[in-house]
Amino acid sequence: MNPFSFERAETIAGAVSAIAKNDRARFIAGGTNLLDLMKENVSRPARLIDITRLPLARIEETGDGGLRIGALVTNADTAYDERILQRYPLLSKAILAGASAQLRNMATTGGNLLQRTRCYYFYDTATPCNKRAPGSGCGAIGGFNRIHAILGTSDKCIATHPSDMCVALAALGATVRVTGPDGEHTLPFSGFHRLPGDTPELDTNLRPDELITAVDLPAKGFATHHAYLKIRDRQSYAFALVSVAAALELDGGHIREARLALGGVAHMPWRDTAAEAMLSGKPATVENFRAVAEAIVREAKGFGHNTFKIELAKRAVVRALEQATGMEQPS
Ligand SMILES: Cc1cc2nc3c(=O)[nH]c(=O)nc-3n(C[C@H](O)[C@H](O)[C@H](O)COP(=O)(O)OP(=O)(O)OC[C@H]3O[C@@H](n4cnc5c(N)ncnc54)[C@H](O)[C@@H]3O)c2cc1C
Ligand code: SF4
């Protein structure tokens, strides 16, 4: 049993100053990930700062035609919000592909971004894991690694980021709003999560004393042509083996703009802007989709049990693009 103290933050400034006072303090929002990690002894905070009373549970219009989703808006409230359904249906679909209704009622925007990997070894304190215990080794490299990464891996860690919502946010080009001791600043979504490199213990570029306050969606929501395809072992209540968020702007049969982000394949949502550019101005054909899929996995590396993901990712990219263009209906 790890003893910890608890306090409830009433203001954003109060939450930021409380976290700065104790380097073993952690914010708690919906608790759907942090409490599991505490029960497994993976996370051992000395103090929990409950942020659920902060005024961050609203979805608001931004000045540039986008939407600001407060860090405490639940995944369910985001997915069923009329403005999200009309203008960002890709985001709604990605959220609803994840977890269960009960979890989505508790899980928050900020917590979803910061949920930790589902690597089995990370959760098992009897095994080595560089993310949980830096320098101890990696149980997954050379171990059972069916759910692990094929892109952006390092010799220290091959974990994946498990979120569905974040894959859609990456494709949409969202921005994360953060408040810390130095005031407020923003991080582009592509710069929020990290690859493992030599420091797999760090999942993101958020500092430990910073609070996520919101996620901003740009005006362009790709509402007409989009798809979220999630391939998993069960049709519900399972994390993605591979997922693809595809968003297209079409001009007749040609692609004016393409966005593609993959989940389940890397330590962060994997958006490949060079591959997206290959589709720009091209006819929306299966041949072109196959070419872009090949390009995305060109540097992919399998570790044995997860090598099937390379072919799976290629097929998923093609199918998601077919669904986004309407060539195939989502199943
Ligand atoms: C059985 C199960 C199945 C699941 N399946 C899926 C799935 O298929 N797809 C999917 O995407 N997700 C899935 N999830 C994950 C779920 O979506 C996350 O657990 C949830 O989004 C976390 O949000 P939370 O508010 O509960 O975070 P918490 O558990 O409260 O916090 C998580 C982390 O975020 C930090 N934190 C929270 N809010 C902030 C903030 N505003 N600023 C700074 N730090 C903050 C906390 O300190 C903690 O470190 C599943 C979870 C479970 C338990
Ligand atoms: S893949 Fe990463 S999280 Fe999993 S055991 Fe290796 S170091 Fe730990």
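One can find the structure itself at the top, above this paragraph.
None of the values given here were measured: they were computed from a predicted structure. (Residues numbered from 1 in each chain as written. Chains lettered and ligands numbered in written order. Predicted model: local features only at pLDDT ≥ 70, side-chain atom pairs only at ≥ 80, totals over all residues. Heavy atoms only, no water.)

**Observations regarding the pairing of strand β5 (residues 67-70)**
Both strand β4 (residues 59-61) and β5 contribute to a ladder of three bridges, which runs antiparallel. Paired with E60 across the strands is R68, a residue of β5. Two successive antiparallel strands, β4 and β5, enclose a turn made up of five residues, where G65 displays a positive phi of approximately 90 degrees. Judged from the four bridges that link them, β5 and strand β8 (residues 211-217) form a sheet pairing that is antiparallel. Within β8, the position partnered with L67 by the bridge is L217. (Pairing = 2+ DSSP bridges. Helix = DSSP H or I, 4+ residues; strand = E, 2+ residues; numbered from the N terminus.)

**Description of the environment of N306**
Along the chain, N306 turns up in the loop between α11 (286-296) and α12 (308-325). Those residues within four positions of N306 in sequence are excluded, and the remaining contacts are N145, R146, H148, A149 and I150. At 2.6 Å, the side chain of N306 forms a polar contact with the backbone nitrogen of F303. (Contact = heavy atoms within 4.5 Å. Polar contact = N/O pair within 3.5 Å; in protein donor to acceptor, adjacent residues only side chain to side chain.)

**Quick notes on the site of ligand 1**
Ligand 1 sits among 33 residues. The nearest are F27, G31, T32, T108 and D164. Contact distances for ligand 1 include 2.9 Å between an oxygen atom and a backbone N or O atom of A99. Protein contacts shield 92% of the accessible area of ligand 1, which totals 980 Å² for the unbound molecule. Breaking the shell around ligand 1 down by element, the ones donating at least two residues are β2 (25-28), α2 (34-39), α7 (109-114) and β8. Along the lines of polarity and charge, the residues of the shell around ligand 1 split into 16 nonpolar, twelve polar and five charged. (Near = heavy atom within 4 Å. Areas by Shrake-Rupley, 256 points an atom, 1.4 Å probe, with all protein chains shown as cover. Nonpolar A, V, L, I, M, F, W, Y, C, P; charged D, E, K, R; others polar.)

**Things to note about the pattern of salt bridges**
Within this structure, the stated rule accounts for 27 salt bridges. Among the salt bridges present, the one from D50 reaches R8, with a minimum N-O distance of 3.1 Å. With D50 in strand β3 (residues 47-50) and R8 in strand β1 (residues 5-8), the pair connects residues that are 42 residues apart, well separated along the chain. Owing to a relative accessible area of 7%, D50 belongs among the buried residues under this scheme. Between K39 and D36 there is a salt bridge, with its nearest N and O atoms 3.9 Å apart. Taken together, the residues K39 and D36, both in helix α2 and three residues apart, mark about one turn of the helix. The exposure class of D36 is partly exposed, given its relative accessible area of 31%. Three or more residues joined by partner-sharing salt bridges are found here, namely K220, E249, D251, R256, E257 and R259. (Salt bridge = Lys/Arg side-chain N within 4 Å of Asp/Glu carboxyl O. Buried < 20%, exposed > 50% of the residue type's maximum accessible area, 1.4 Å probe, protein only.)

**Considering the environment of L151**
Checked against the element boundaries, L151 lands in the loop between α8 (120-123) and α9 (165-172). Assessed through its relative accessible area of 3%, L151 is described here as buried. Sequence spacing of L151 and A320 is 169 residues, and the spatial spacing of their C-alpha atoms is 19 Å. Contacts of L151, omitting those with residues within four sequence positions, involve V265, A266, W270, I296, E299 and A300.

**Brief notes about a nonpolar patch on the surface**
A surface patch of nonpolar side chains, amounting to about 410 Å² of accessible area, comprises M1, F4 and F6. Tracing the chain through its elements places F4 in the segment before β1. Residue class for F4 comes out partly exposed when judged on its relative accessible area of 37%. (Patch = residues over 30% accessible without salt bridge, like charges linked within 9 Å, V, L, I, M, F, W, Y side chains within 5 Å.)

**Comments concerning unusual backbone geometry**
Unlike most non-glycine residues, N41 shows phi in positive territory, near 65 degrees. For N41, the location among the structural elements is in the loop between α2 and β3. For N41, a relative accessible area of 38% corresponds to the partly exposed category. The backbone of Y237 sits at a positive phi, close to 55 degrees, despite the residue not being glycine. Counting through the fold element by element, Y237 comes out in the loop between β9 (225-231) and β10 (242-251).

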